[in-house]
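A look at the structure
Spelled out, the chains give:
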Amino acid sequence: MVLEGNPEVGSPRTSDLRHPGSQGSCVLSSPGEDAQPGEEPIKYGELIVLGCCEEGGEETEAQRGEVTGPRAHSCYNGCLASGDKGRRRSRLALSRRPHANGVKPDVMHHISTPLVSKALSNRGQHSISYTLSRSHSVIVEYTHDSDTDMFQIGRSTENMIDFVVTDTSPGGGAAEGPSAQSTISRYACRILCDRRPPYTARIYAAGFDASSNIFLGERAAKWRTPDGLMDGLTTNGVLVMHPAGGFSEDSAPGVWREISVCGNVYTLRDSRSAQQRGKLVENESNVLQDGSLIDLCGATLLWRTPAGLLRAPTLKQLEAQRQEANAARPQCPVGLSTLAFPSPARGRTAPDKQQPWVYVRCGHVHGYHGWGCRRERGPQERECPLCRLVGPYVPLWLGQEAGLCLDPGPPSHAFAPCGHVCSEKTARYWAQTPLPHGTHAFHAACPFCGAWLTGEHGCVRLIFQGPLD
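All of these numbers come straight from a predicted model, not from anything done at the bench.

Glancing now at the overall build of the protein chain. When helices and strands are counted, the protein chain shows four helices and 28 strands. In the protein chain, buried positions account for 55% of the 469 residues. Of the contacts formed within the protein chain by residues at least 6 apart in sequence, a portion of 67% connects residues at least 24 apart.

Rendered as C-alpha cells:
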C-alpha cells in the first residue's frame, strides 16, 4: 500500500449538526493561532502503512501542504521497489496547517431529486447527500471550522485527497500503479485534527470529492439517528481497532469496529458491504489513540502519536542492535561460518554469503546451505539438521520501521514464514492481531511486509550458536 500527500479540506460530527433556521457562528482563531513563518509545525501524529515500510534519509523534496516524512530508497521491508516519489510514500506525518481548513455540519435540507444536482454543483459548499429514494434526498451543508484541520485519504489521485492509497497485496508489498480490482474507495476516509491542545485526531468514513461532496446513493447503508439527523456507511467500510493498554509493552489487540460518515462507532456488519449496519457502540469514540489501526479494505494504516513515537526505538537504536548482534559473531552450527545481518543501506536484494537463515518451525539459525530439501513438500521445505523438524527455511531480515515496534527490545524473534526480525513483545503482539482481509476474513500478518503468518504462534524465538572460540 502506498500514500501520497496534499492540503485543503475538512470534517464533521453528528452532534454539531443544526437544522434549517438555527443560528450558527464560525469560531475564529485567536491571534497567533495560525503558524508563523519559520515556526516549527506542530505534529498531530503519523500514519504508517502496514506491509509497506521505509528506511533511511530525510525528505528533501518540497512537500505539498504539511505532510512530511522520511524517504524510502529501496525495496526493503515491503517498500515500493522504485522508492517513494513525490507524494508517494509509506510513512506520513500530519502537521498543523498554516491556516485552518476544517469544515463542520451546518444546515440540513430535505429536497426532491431534481434539485439535488443544483445543490451539489456549488464547489465552494461542502455537503453530504443522502439519497433516500428517487424522489427524496437529504443534503447536509457544511461550513468552515477554523478550529480544525482535515486530511483526506483515498485511492483517487485528485488534488482534494491528501494521501493517495493503493492496495497492499496479501503476500506483502504494495501494488504499483492503479488497480482495476481495488477495493479501496476513491474517497475512503478523513481525519479531523483539533488545532489546539491536546490536538485530538478523529476519523470519519468517506471523504469529500472534487465537487466538495460526499454522496451516499440509494443502495448505501444510511439511516436517521434518534435525534432526527442522518448518518451512513461507505460501501466497503472503514474499520478501526484501538489496542488495549495503549501501544506499549503491555498492549493487547482490541476489538475491530466500523466508523460511520459522521464519526459514530458501530459493531461490524455481517459482511464488509452488507446494507444492514451493526449496533451502535455508545461507550466508544472515533478518537485515534497511539497504536490505532485503520483498515480501508485493501490496506491498513497504523496511527502513532508524537508521545508514542518518543517511546519507539529510533533508527540509530535499531542499527546499534544490528551491530551488537553481529559483534556476537553467531555461527552456522554446521558450516561453522560467521553470520551477520546486512546493513539496511544495502537494501533487501539477494541474501549475501553471511546472511543468517532460519528454520521457522524450530528457530535454529544457520548459514545458507542446500541440503535437507523435501521436494515433495515444496521448494522452501527443509529438514533442520539439529532437531529434524521440517518446515520453511528462509533468510532473516531485520525489521526497519521503528514505528511498528512496541519496545526497543533486542531482535530475538522472527515472523513465520517471512523471516522479519524484531523484539519478542513486538512479534507476539502482531502475531495476535487479526487484520481484516476481504469481506469476511481476518489474518495475522507481518507488519513489515504484509505476509500472512503461519504456524502455531506466527513467530519463533531465534536460536543462535555463538563462536566456538
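Right, let's get into the sheet that holds strand β22 (residues 390–395). Taken in spatial order, the four strands make up an open sheet running β20-β19-β22-β21, and their pairing is antiparallel. Two strands in the sheet have a free side with no partner beyond their single neighbour: β20 (365–366) and β21 (381–383). The pairing of strand β19 (residues 357–359) with β20 spans two bridges and is classified as antiparallel. In the sheet register, W357 faces β20, and the bridge partner there is H366.

The next thing to look at is the pattern of salt bridges. According to the stated counting rule, one finds 16 salt bridges in the structure shown. In this structure, the salt-bridge partner of R196 is D147, at a minimum N-O distance of 2.4 Å. With R196 in the loop between β9 (189–194) and β10 (201–205) and D147 in the loop between β6 (136–145) and β7 (148–154), this pair connects stretches of sequence that are 49 residues apart. Salt-bridge contacts for K425 lead to E249; the nearest nitrogen and oxygen are separated by 3.0 Å. Of this pair, K425 sits in helix α4 (residues 424–431) while E249 sits in the loop between β14 (238–241) and β15 (256–259), and the two are 176 residues apart along the sequence. Residue class for K425 comes out partly exposed when judged on its relative accessible area of 37%. Within the structure, one salt-bridge network assembled from shared partners comprises K43, E46, R91 and E401.

Right, let's get into the side chain of E46. For E46, the position within the fold is in strand β1 (residues 43–49). Side chain to side chain, E46 and K43 meet in a polar contact 2.6 Å long. Look past the residues within four positions of E46 in its chain and what remains in contact with it is R91, L92, A93, L302, W303, R304 and L309.

Further remarks concern the packing of aromatic side chains. Applying the stated rule across the entire model yields 14 aromatic pairs. With a centroid separation of 6.4 Å and an interplanar angle of 10 degrees, the aromatic rings of F151 and F163 are classed as stacked. Note that F151 is positioned in strand β7 and F163 in strand β8 (residues 163–164), a separation of twelve residues in sequence. Both residues of the pair, F151 and F163, count as buried. Considering the side-chain rings of Y429 and W430, the 5.3 Å spacing of their centres and the 80 degrees angle between planes classify their relative orientation as edge-to-face. Assessed through its relative accessible area of 3%, Y429 is described here as buried. On the accessibility criterion, W430 (1% relative accessible area) is buried. A connected cluster of aromatic rings, assembled from ring pairs, spans Y44, F151, F163 and Y199.

Turning our attention to the pairing of strand β4 (residues 102–111). Of all ten residues in β4, eight are buried, a share of seventy percent or more. Where β4 and β6 come together, nine bridges link them in antiparallel fashion. From the neighbouring strand, K104 faces β6, where its bridge partner is T143.

Here we take up empty space enclosed by the protein. Considering all chains together, one arrives at three cavities of 30 Å³ or more under this definition. Taken as a whole, the largest cavity holds about 110 Å³ of empty space. L318, Q321, G399, P411 and C422 are, among the 14 residues lining the largest cavity, the residues nearest its centre. Mapped by element, the contributors of at least two residues to the lining of the largest cavity are α3 (315–327) and β25 (420–422). Per element, the largest residue contribution to the lining of the largest cavity is three residues, and it comes from α3. Among the residues making up the lining of the largest cavity, the classes are represented as eight nonpolar, four polar and two charged.

What follows covers a nonpolar patch on the surface. Judged by side-chain polarity, V334, W371 and L386 come together as a nonpolar surface patch covering roughly 270 Å² of accessible area. Assignment of secondary structure puts W371 in the loop between β20 and β21.

On to α3, then. With 13 residues, α3 ought to run about 18 Å at 1.5 Å a step, and its terminal C-alpha atoms sit 18 Å apart, in line with that. For α3, the complete set of buried residues consists of L318, Q321, R322 and N326. Buried positions in α3, seen along its axis, are confined to an arc of 135 degrees and lie on one side of it. Set apart from the buried face of α3 by more than 90 degrees, the exposed residues are K316, E324 and A327.

Ranked by size, the top nonpolar core spans 28 residues in total, and within it L47, L94, I153, I191, I203, I294 and L296 carry the most contacts. Those elements that provide at least two residues to this core are β1, β3 (91–95), β7, β9, β10, β14 and β18 (300–304). Residue contacts for I203: discarding those within four places in its chain leaves C189, R190, I191, V238, V240, I259, G263, N286, L288 and I294. Ranked by size, the runner-up nonpolar core spans 27 residues in total, among them W256, L404, L406 and C418.

It is worth spelling out the confidence of the model for the protein chain at this point. In this model, the protein chain carries a mean pLDDT of 80, and residues with pLDDT of at least 70 account for 75%. Note on residues 53–78: pLDDT under 50 across the span, and 97 contacts to partners over four residues away in sequence or across chains.

A word on unusual backbone geometry. Residue P197 is joined to P198 through a cis peptide bond whose omega torsion reads 5 degrees. Here P198 lies in the loop between β9 and β10. You will see that A206, though not glycine, has its phi angle at about 75 degrees, which is positive. With respect to the helices, strands and loops of the structure, A206 is situated in the loop between β10 and β11 (213–216). For A206, a relative accessible area of 4% translates into the label buried. Phi is positive for S212, close to 65 degrees, though the residue is something other than glycine. Structurally, S212 can be placed in the loop between β10 and β11. For S212, a relative accessible area of 9% corresponds to the buried category.

Basis of the calculations
Residues numbered from 1 in each chain as written. Predicted model: local features only at pLDDT ≥ 70, side-chain atom pairs only at ≥ 80, totals over all residues. Heavy atoms only, no water. Helix = DSSP H or I, 4+ residues; strand = E, 2+ residues; numbered from the N terminus. Buried < 20%, exposed > 50% of the residue type's maximum accessible area, 1.4 Å probe, protein only. Contact = heavy atoms within 4.5 Å. Pairing = 2+ DSSP bridges. Salt bridge = Lys/Arg side-chain N within 4 Å of Asp/Glu carboxyl O. Polar contact = N/O pair within 3.5 Å; in protein donor to acceptor, adjacent residues only side chain to side chain. Phe/Tyr/Trp six-rings, centres within 6.5 Å; stacked < 30°, edge-to-face > 60°. 1 Å grid on protein atoms, 1.4 Å probe; cavity = no way out; pocket = protein on both sides within 12 Å on 5 of 7 lines; lining within 4 Å. Points joined across faces, edges and corners; volume = space filled by probe spheres on them. Nonpolar A, V, L, I, M, F, W, Y, C, P; charged D, E, K, R; others polar. Patch = residues over 30% accessible without salt bridge, like charges linked within 9 Å, V, L, I, M, F, W, Y side chains within 5 Å. Areas by Shrake-Rupley, 256 points an atom, 1.4 Å probe, with all protein chains shown as cover. Expected span 1.5 Å × (residues − 1). Arc of directions from axis to C-beta. Core = buried A, V, L, I, M, F, W, Y, C linked by side-chain atoms within 4.5 Å. pLDDT = per-residue confidence, 0-100.

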